[in-house]
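Architecture and fold: a report
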Amino acid sequence: MKSRNSGWKVRPLAQDHTVVYKSPDPETVYCYTPGICVCPDGRLIATIDLGGPGVEEMSGEKFIRPVGFGKAYKGKIFTSDDRGKTWECRADFAFMHARPFKAGGSLYVIGQAMDVTIIRSDDWGKTWSSPVRLTEDGRSWGQSACNVHFANGCVYLTMEVHKYWPEKHVGESECAVILMRAKIEDDLTDPSSWTFSDGLTREDTFELDQLDYHGIPFF
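I will try to describe carefully the structure that is included in this document. All figures in this text were calculated on a predicted structure; none of them were measured in a lab. (Residues numbered from 1 in each chain as written. Predicted model: local features only at pLDDT ≥ 70, side-chain atom pairs only at ≥ 80, totals over all residues. Heavy atoms only, no water.)

**A closer look at the pairing of strand β6 (residues 96-103)**
Where a strand is regular, its side chains alternate between the two sheet faces. For clarity, the cut-off: Residue exposure (1.4 Å probe, protein chains only): buried if accessible area is under 20% of the type maximum, exposed if over 50%, otherwise partly exposed. A run of H or I in DSSP counts as a helix once it spans at least four residues, and a run of E counts as a strand once it spans at least two, with each numbered from the N terminus. At least two DSSP bridges between two strands are required for those strands to pair.
Counting buried positions along β6 gives 7 out of 8 residues, so the element sits mostly inside the fold. For β6 and strand β7 (residues 106-113), the ladder comprises 6 bridges, and the chain directions are antiparallel. By the bridge assignment, Ala103 is partnered in β7 with Ser106. In this structure, the hairpin formed by β6 and β7 is closed by a connection of 2 residues, where Gly104 is found at a positive phi of approximately 65°.

Now the structure itself:
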């Protein structure tokens with residue numbers, strides 16, 4: 001599209017790019033939920049999720065969702081020390097919806113294997129701890145890769161939880177947004193470091209039998 005006076009109005013970006021990871025079989029192994037973090041020394045940390053029927057056949061640890069889903073998932077962590085020109089795979093992990101961030105002197109990747117799950121690196125991504133569950137309530141948690149917020153010496157992030165899982169699962173109407181908070185200098189793989197807010201679902205907020213659903217999303 002061209003404007004009348006200034007030439008091209010829309011210009012392409014990032015035409016020279018580097019592929020961090022390519023699916024070995026795009027028909028059965030899907031790559032999604034990309035995340036990125038910058039270390040103090042300039043090292044880049046990239047994370048992705050792998051899903052699809054082909055993941056069950058891949059080597060390494062995997063997260064298998066329970067009855068009702070029956071799908072395997074896993075994640076991968078990459079580092080780059082040359083501003084993204086080349087990447088090295090550092091670790092696989094058995095959860096999904098990975099979100100990398102740094103806090104204190106450590107790197108973390110948080111996500112979910114039904115429960116909220118986290119891993120830690122103390123050498124800026126070279127090696128990683130085993131996964132730790134921050135919740136053990138049997139609910140279905142989730143949240144795609146997104147920012148975290150730092151204020152008053154604390155780290156804040158949000159997760160979603162299907163509040164009435166597994167008694168019923170009717171979509172987003174029973175999904176609550178939960179705010180999580182921890183002190184930046186604490187060990188964030190320790191469940192006691194975190195405070196979880198209460199969360200309201202749409203079912204908690206609206207009298208469903210009184211809605212005519214005009215303007216209300218069907219979820």
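**Some thoughts on the sheet that holds strand β8 (residues 115-121)**
Strand order in this open sheet of 4 strands is β6-β7-β8-β9, and the pairing throughout is antiparallel. Edge positions in the open sheet fall to β6 and β9 (132-133), since each of these has one partner strand only. Where β8 meets β9, 2 bridges bridge the pair, whose relative direction is antiparallel. The residue of β9 that forms the bridge with Ile118 is Val132.

**A word on the side chain of Arg99**
The condition that has to hold: Two N or O atoms count as a polar contact when they lie within 3.5 Å, although within protein this holds only if one can serve as hydrogen donor and the other as acceptor, and sequence-adjacent residues are included solely when both atoms are side-chain atoms. Contact definition: two residues touch when any of their heavy atoms are within 4.5 Å.
Within the secondary structure, Arg99 is located in strand β6. A polar atom in the side chain of Arg99 sits 3.5 Å from the backbone oxygen of Asn147. At 2.7 Å, the side chain of Arg99 and the backbone oxygen of Thr158 are in polar contact. The residues contacting Arg99, other than those within four sequence positions of it, are Tyr108, Val109, Ile110, Gln143, Ser144, Ala145, Cys146, Asn147, Val148, Leu157, Thr158 and Met159.

**Concerning the nonpolar core**
Where we set the bar: Only buried residues count toward a nonpolar core. Its members are Ala, Val, Leu, Ile, Met, Phe, Trp, Tyr and Cys residues joined through side-chain atoms within 4.5 Å.
With 20 residues, the main nonpolar core has Phe101, Ile110, Val155, Leu157, Met180, Leu188 and Trp194 as its most contacted residues. Among the elements of the structure, β6, β7, β8, β12 (154-162) and β13 (175-183) are those that each provide at least two residues to this core. Contacts of Val155, omitting those with residues within four sequence positions, involve Phe101, Val148, His149, Phe150, Met180, Arg181, Ala182, Ile184, Leu188 and Trp194. The next biggest cluster of nonpolar side chains, apart from the first, holds 19 residues, and it includes Ile77, Phe95, Met114 and Ile119.

**A short note on the packing of aromatic side chains**
Note the cut-off: A pair of aromatic rings is counted whenever rings of Phe, Tyr or Trp (Trp by its six-membered ring) have centres within 6.5 Å, and the orientation is called stacked for planes under 30 degrees apart, edge-to-face for over 60 and tilted otherwise.
Following the criterion strictly, the structure yields 5 aromatic pairs and no others. Arranged with centres 6.4 Å apart and planes meeting at 35°, the rings of Phe63 and Tyr73 form a pair that is tilted. On the criterion of sequence distance, the pair formed by Phe63 in strand β3 (residues 63-64) and Tyr73 in strand β4 (residues 72-80) is long-range, its members being 10 residues apart. Note on Phe63: relative accessible area 7%, which makes it buried.

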